[in-house]
Amino acid sequence: MENGPATQGDGKDPSSFLGQIIGNPVTVKLNSGVVYKGELQSVDGYMNIALEKAEEYIDGAKRRTYGDAFVRGNNVMYVSAD
């Protein structure tokens, strides 16, 4: 996040950040190192993420393009607004 790392005591909620960027381009990095870039369509309380116009990158190289992609939340390392 642009304002620095959030700590538990400062009242910042990642779900409110994600709610504000729905419809915008994001980068989603998985624990495996795979990166997805696309337009954020939805996110739920489990960090399950739906993307449109998604592209998959492995080791920095574009591997696949998807119309829609669904990422299971327990695989997500981070979500970044582009």
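Per an unreviewed UniProt entry, the protein chain goes by the name U6 snRNA-associated Sm-like protein LSm6 and belongs to Phialemonium atrogriseum. Checking UniProt for the protein chain, the heading Sequence similarities (unreviewed entry) contains the comment "Belongs to the snRNP Sm proteins family. SmF/LSm6 subfamily."

*Asks:* Which residues make up the pairing of strand β1 (residues 25-30), and what are the values?
*Replies:* Bridge count between β1 and strand β2 (residues 35-43): five bridges; the pairing is antiparallel. Residue pairing in the sheet places Pro-25 in a bridge with Glu-39 of β2. Hairpin connection, β1 to β2: the antiparallel pair is bridged by four residues, and Gly-33 has positive phi, about 100°. Two elements, β1 and strand β5 (residues 76-81), share five bridges in a ladder whose sense is antiparallel. When the bridges of β5 are listed, Val-28 appears paired with Val-79.

*Asks:* Can you tell me about the sheet that holds strand β4 (residues 61-71), naming the residues and giving the values?
*Replies:* If you trace the five strands from one edge of the open sheet to the other, you get β4-β3-β2-β1-β5, paired in antiparallel fashion. Whereas interior strands pair on both sides, the edge strands pair on one side only; in this sheet they are β4 and β5. Along the sheet, successive strands turn relative to each other by an average axial angle of 25°, direction set aside.

Conventions used here
Residues numbered from 1 in each chain as written. Predicted model: local features only at pLDDT ≥ 70, side-chain atom pairs only at ≥ 80, totals over all residues. Heavy atoms only, no water. UniProt positions renumbered as here; feature names shortened; annotations may be inferred. Pairing = 2+ DSSP bridges. Helix = DSSP H or I, 4+ residues; strand = E, 2+ residues; numbered from the N terminus. Axes fitted to C-alpha atoms, helices over the stretch in contact; angles between N-to-C directions.

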